[in-house]
Every structure is written in C-alpha cells, then in structure tokens.
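# Fold and contact review
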Amino acid sequence: SFFFYCLCALLVVVGCKDNAATPKTEDTARSEDSKKSNIVFIYTDDLGYGDISAYGATEISTPAIDALADEGILFNNAYATAATCTPSRYSLLTGDYAWRKKGTGVAAGDEALLIDTKRTTLPGVLKTAGYKTGIVGKWHLGLGDEMGPDWNGKISPGPLEVGFDYAYMIPATGDRVPCVFVENHHVVNLDPNDPISVNYKEKVGDWPTGKENPELLTMKPSQGHNHTIVNGISRIGYMEGGKTALWDDETIPMELVNKSKIFINSSKDQPFFLLLSTHDIHVPRVANSMFQGKSGMGPRGDVILQLDWTVNEIVNTLKEKNLLDNTIVIFSSDNGPVVDDGYQDQARELLGNHQPSGGLRGGKYSAYDGGSKVPLIIRWPDGTGKGTVSDALVSQVDFLRSLAALAGVEKVYDDVVDSQNTLDVFLGDNTAGRTSLIQESFMGPLSYIEGEWKYIEPLDGPTLVPWGPIIETGFQLEPQLFHLKNDPNEQENLASEYPERVEELKTKLADFKKH
Ligand code: NG6
Ligand code: CA
C-alpha cells in the first residue's frame, strides 16, 4: 500500500507539473476571464466634435452622453484615422492606417470584404483573451469574397471571419442598398421565394427609382441618392426583392439596441466586447416618432437626440444587469460632421447657431481637423479619471494594442504596423499622448500632426467637396503648415515662413509611408 501511495503522489506531482506546463483548463481560464472588464464601444457615424453638449454644444442637449463624460474622461484631442467611414473603421479594427491598403476608400454597398482574414484584428485579439466579441450596427467594410456578397446565400467572409463571434449588421450604410440586416452569414427575414438582386451600375428589376418617380419620395435627395426607392427614400444603388427583409428606417436604433441587449445578456459567463456601431447620425436621417421635431433643428438634430437615447438604453441595460461596474464604455465617432450629405432634410436651413464641428475648419471628407478630430469619451468602471478632460493626442488606431494590453494579451503580431499601446493615455495617466499621427482625407491626401504642428500634403484637387455639402476639402497646390496650438482652426498657413519645418514633416510622413 506504501507503493500505491507513492504512485498516487507521483501521479499528483506529474499531474500538477503537467498542468503548469500546458494551457489552463477551460474552467480556470473562465474564472480568470470573468474578472476582466467588458468593453462596450459605441461607435457613432458622422457625429462632429461640436455636436454634443459635453463638447460645448449649447443648442442641443445630450444628457446620456454627457453623463459618460461626467463619470469618465473626455478627450479633447482625439482623432479617427480618416475623414470618412470605411478607412476609419478599417483602422479601428486592424490597428493599421487604411491608406496602407488599396481600395479602402468609401466602400460600395456590394464590395468584397476589405480586411484580410489572416491578419490580426481587434476583435480577434480580444477573443484570444477570452472575450466573446460582437458587432451590432453599421459594418461598411465589404462582405464576401472577390465576387462580393451572395445576398441570397451564405454571406462570407465577413465579421465572423475577422474575429467576431456575432454580427448583426447594416451591411454598408443606411443610404446604400440592400436595405436589409445581415445576422452572421445571412440576410434576416429573407423569403427564399423573393430573392434579392443588387446592382451598383445599372437598374435591376422594376422597383421605382428616385430619378424616375420623384413623386413617390417622402425624403428627396439633394445630391445623388436617386436610385431605388425603399420606404419612400431613394438610395445609392439598385435593388429588388427581399420585401420581407427590408428594414424600417424609423426603428433601426431600436433594433440595434435590442440586439445589443440580447448580446450583453447572452455573455454572462465570459467577458464581452460589443462594438455598437450606430446608424445615427448618418443620412438618411429618419428619426423615430419619439424624437421627430424634438430638437428644433430638423432630422439632423432629432437623430442626435435619438443617439443619446441609444446611449441611455445601453448604459441602463448595463446598470440593470449589474455590469456597469465591470464594463468600460467607450464613445466616439468615425469621422467629422456634415450638414447636407445628399438629402433635403433641412439640416442646413435649421442649423441656427449650432456648430457641428465646434468651430474646427472643414468637416467630413476634409483634410482639415473638422474631418477627423472627433469626440472620444471613456468611462472606466472603477471611476478612473472621473470627470476629467485630457488634452493628450490620441488616435483610434491605438485601440488595438491598448485594449490588447488591457486584456492581458502578451503577443500582438507584427502585421499590426501603426497601432501603439497608449493605454496609459486612455487611462488619463499620460497627458502628452502620441508624438504624431496621420489623417486621411477623402481623395487620399494625408495630413501629418506632430506636436503642435500640422502639415497637409499638396494636391491638385477641388477646394470644396464637389457634390455640394459646402465643406472645404483642404486641398491646395502648395503645402500647408499650421500651428495647431496657436491656431486650432487652421486659418494661417505658415508654410512659406517655416520651409525647414515643412521639409521635416514632409520627410517624416514619407518615412511612415515606407513602413
Ligand atoms: C458619399 C455620399 C454620402 C455618404 C458618404 C459615405 C453622395 C452624394 N454622397 O458618396 O451621402 O453616404 O458617401 O459616408 O452619394 S460614410 O460616413 O459612410 O463614409
Ligand atoms: Ca461616417
């Protein structure tokens, strides 16, 4: 029996040793993971630096978003990587500037997936750290293989192939067909007897278009947006079929909040990462009846109130489930603001004294700061930095390595070129932030910010966004140099006064491009 005892002891020792050398069992990993904070990232669309009261808006009030700022850190110097949606989102998810990859400008509604399924991604990294990962809302990064999405079959690759466990998506934008939700690999509520056809070049089927039947429209385009009419609104692109699958524009936010709640509730046993990518405040701006006429600023103002409602719903859900004390809430926008973005929704006429960009020069699409300087608020569950304002220079490209560090991921692969671990900045401990960053405008030219200076590459292009939103592109034949600290609204081009500075920043930008 002594021998038996020794054998048992030996087995126990070997067993322990074995245990230490191999990965943790699923159960121990689970219990450690459950201590990790959840992450809810509310990524809004086209919301400007001056569009919410936390950032100084006086003509509109956004109490739920402001509460995040009261309980968290408000960043005064935060940038999306680009002045349009697709490249900014590409950077958030991949940790790389989008201009490194061809074809990452504003994606068509039938574009193939733009993210390489083999590369490191933010959701993929969090997944390796035990997170359940989900995206609810706007995708706009393409779907399917090089043939594009198969709307009537399995839509793949997509979010599930780049690190998300769950997806409930607006495939591109609210103003692009097909106007249907996609859940994981399939269009939601699709009747197989009524298949969807989509074409971005020519008309398919016989559904009326805004161009041919303007009398059927409840919201008229001001520019483009005159193809197939869905729910009284003409869109970009032609479609037919999928009647039972069409979304209802007035309840999109309710649908997204509902799917977010279900995702949160189903993630109790492990930490979760939810990217809630709102349709608000992109065009077409169709507020739910709860918000119609409530802002006094027309649909654009009404959907800002609707966005605030979304934030309130999500925070309340976390509170009710006792999760707010263990959840990081991040709030930001994919690019700067635009007033008329192609529909006659009276946004310009009813703007009054409201300044969507908070006085910054330019707006969505632009090389000036109005294009990509955006609101960013982070509410830490333990009250870190509560009610403070940070002037540190921060970029959304850094969330990949920063959240990876937070989640305890030891290795982030080298295919991530641009993302830096700036967790100390996001926590408010480092008030300087990045030394430099790059901004992409809609036709490609880049701007380079380093310290107090900003350089904009010269480009022979239009000075105003060509299709009429009255936004300065920031394109000039000559290089531009601004002292952002003294001149945050980029009024005085100092390039001819400081030619060496121009040369220096130009060279540094060129070096970054070589990476
Ligand atoms: C533009 C659209 C604009 C918007 C934008 C993409 C016209 C005239 N304008 O081409 O309405 O859809 O693309 O916006 O069609 S983003 O926020 O998704 O980048
Ligand atoms: Ca956008």
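Being a predicted model, the structure only gives us computed values, none of them experimental. (Residues numbered from 1 in each chain as written. Chains lettered and ligands numbered in written order. Predicted model: local features only at pLDDT ≥ 70, side-chain atom pairs only at ≥ 80, totals over all residues. Heavy atoms only, no water.)

### Quick notes on the coordination of the calcium ion (ligand 2)
Around the calcium ion (ligand 2), the protein supplies D45 (OD), D46 (OD), D334 (OD), D334 (OD) and N335 (OD1) as donor atoms, at distances of 2.2 to 2.8 Å. Each of the six donor atoms bound to the calcium ion (ligand 2) contributes to angles spanning 50 to 175 degrees, and the resulting shape is irregular. Sequence positions of the donors to the calcium ion (ligand 2) reduce to the motif D-D-x287-D-N. (Donors = N, O, S within 2.8 Å, 3.2 Å for Na, K, Ca; no water. Tetrahedral: all angles 85-135°; square planar, octahedral: opposite > 155°, others 65-115°.)

### Here's the deal with the side chain of T121
With respect to the helices and strands, T121 occurs in the loop between α4 (85-94) and α5 (122-128). A polar side-chain atom of T121 sits 3.0 Å from the main-chain amide nitrogen of G124. Engagement of the side chain of T121 in a polar contact is seen with the backbone oxygen of V162, the distance being 2.7 Å. Leaving out residues up to four positions away in the same chain, T121 has contacts with L93, I115, V162, G163 and L400. (Helix = DSSP H or I, 4+ residues; strand = E, 2+ residues; numbered from the N terminus. Polar contact = N/O pair within 3.5 Å; in protein donor to acceptor, adjacent residues only side chain to side chain. Contact = heavy atoms within 4.5 Å.)

### Brief notes about helix α6 (residues 252-265)
With 14 residues, α6 ought to run about 20 Å at 1.5 Å a step, and its terminal C-alpha atoms sit 20 Å apart, in line with that. Every buried residue belonging to α6 is among I252, P253, M254, L256, V257, K259, S260, F263 and I264, and all of these are buried. In this fold, the buried residues of α6 make contact with β4 (132-138), β5 (166-170), β12 (272-277) and α7 (299-320). (Expected span 1.5 Å × (residues − 1). Buried < 20%, exposed > 50% of the residue type's maximum accessible area, 1.4 Å probe, protein only.)

### Regarding the sheet that holds β4
If you walk across this open sheet you meet the ten strands as β7-β6-β5-β4-β12-β1-β13-β14-β2-β15, and the pairing is mixed. At either margin of the open sheet sits one strand with a lone partner, and together these are β7 (186-187) and β15 (388-390). The sheet contact formed by strand β1 (residues 38-44) and strand β13 (residues 327-333) spans seven bridges and is parallel. Each residue of the ladder has a partner; that of I39, found in β13, is I328. (Pairing = 2+ DSSP bridges.)

### A few points about the packing of helix α3 (residues 63-70) against α7
In contact at an axis separation of 7 Å, α3 and α7 are set at 55 degrees when each is read in the N-to-C sense. On the basis of their axis angle, the class for α3 and α7 is oblique. Between α3 and α7, the residues in contact are P63, A64, I65 and L68 and L307, D308, V311, N312 and V315, respectively. Of the residues that constitute the contact of α3 with α7, the class distribution is seven nonpolar, one polar and one charged. (Axes fitted to C-alpha atoms, helices over the stretch in contact; angles between N-to-C directions. Parallel < 35°, antiparallel > 145°, perpendicular 65-115°, else oblique. Nonpolar A, V, L, I, M, F, W, Y, C, P; charged D, E, K, R; others polar.)

### Considering the packing of α6 against α7
Two elements in contact, α6 and α7, have axes separated by 10 Å at closest approach and are oriented at 15 degrees. The orientation of α6 with respect to α7, classified from their angle, is roughly parallel. The chirality of how α6 crosses α7 is right-handed. Note on element contacts: α7 touches α6 through Q306, W309, T310, E313, I314, T317 and L318, opposite P253, M254, V257, S260, K261 and I264. A class-by-class count of the residues in the contact of α6 with α7 yields seven nonpolar, four polar and two charged. (Left-handed = near helix turned anticlockwise from the far one by under 90°.)

### Some details on the sheet that holds strand β18 (residues 446-450)
With antiparallel pairing, the four strands of this open sheet are ordered in space as β17-β18-β19-β20. The sheet is open, and its two borders are formed by β17 (436-440) and β20 (480-483), each paired with just one other strand. Shown here is a sheet whose adjacent strand axes are inclined to one another by a mean of 15 degrees, direction ignored. Summarising the sheet, strand β19 (residues 453-456) and β20 pair through four bridges and their orientation is antiparallel. If you follow Y455 over to β20, its bridge partner there is L481. The sheet strands contacting helix α10 (residues 499-514) are β17, β18, β19 and β20, and the helix crosses β18 at an angle near 110 degrees.

### So, the packing of aromatic side chains
In the structure shown here, the tally under the stated rule is 20 aromatic pairs. Judged by centre distance (5.6 Å) and plane angle (90 degrees), the rings of F41 and Y43 are edge-to-face. Pair check on accessibility: F41 and Y43 agree, each one buried. Their ring planes at 50 degrees and their centres at 5.8 Å tell us that F181 and W247 sit as a pair that is tilted. Here F181, found in the loop between β5 and β6 (182-183), pairs with W247, found in the loop between β11 (238-240) and α6; they are 66 residues apart in sequence, far enough to count as distant. Using a relative accessible area of 8% as the deciding quantity, one classes F181 as buried. Ring-pair connections join several aromatic residues into one group, and the members of that group are F41, Y43, F75, F399 and F426. (Phe/Tyr/Trp six-rings, centres within 6.5 Å; stacked < 30°, edge-to-face > 60°.)

### Considerations on the site of ligand 1
Surrounding ligand 1, one finds 20 residues, the nearest of these being C85, D175, R176, D341 and K364. With respect to ligand 1, the side chain of K138 contributes an N or O atom lying 3.0 Å from an oxygen atom. Within the side chain of D175, an N or O atom sits 2.7 Å from an oxygen atom of ligand 1. Its residues placed into classes, the shell around ligand 1 shows six nonpolar, seven polar and seven charged. (Near = heavy atom within 4 Å.)

### With respect to the nonpolar core
Most often, soluble globular proteins have nonpolar side chains that are buried together. If you look at the biggest cluster of nonpolar residues, it comprises 107 residues, and the most contacted ones within it are W139 and F331. No other element matches the nine residues that α7 contributes to this core. Look past the residues within four positions of W139 in its chain and what remains in contact with it is R89, L93, L113, I115, G158, P159, V162, F164, M169, I170, P171 and A172. Y97, Y455, L481 and L494 belong to the second-largest nonpolar core, a separate cluster that totals 18 residues. (Core = buried A, V, L, I, M, F, W, Y, C linked by side-chain atoms within 4.5 Å.)

### Section: the confidence of the model for the protein
Of all residues in the protein, 93% have pLDDT values of 70 or greater, and the mean over the chain is 94. Scored below 50 in pLDDT, residues 1-28 shows three contacts in the model against residues more than four places distant or in partner chains. (pLDDT = per-residue confidence, 0-100.)

### Focus: the pairing of β5
In terms of residue burial, β5 counts as a mostly covered element, since five of its five residues are buried. Residue alternation in β5 divides its side chains into two sets, Y166, Y168 and I170 and A167 and M169, and both sets are buried. Two strands pair when backbone bridges link them, and β4 and β5 are joined in this way by five bridges, in the parallel orientation. Pairing of V136 across the sheet is with Y168, part of β5. As defined by bridge partners, β5 adjoins β6 across two bridges and the pair is classed as antiparallel. Paired with M169 across the bridge in β6 is V182.

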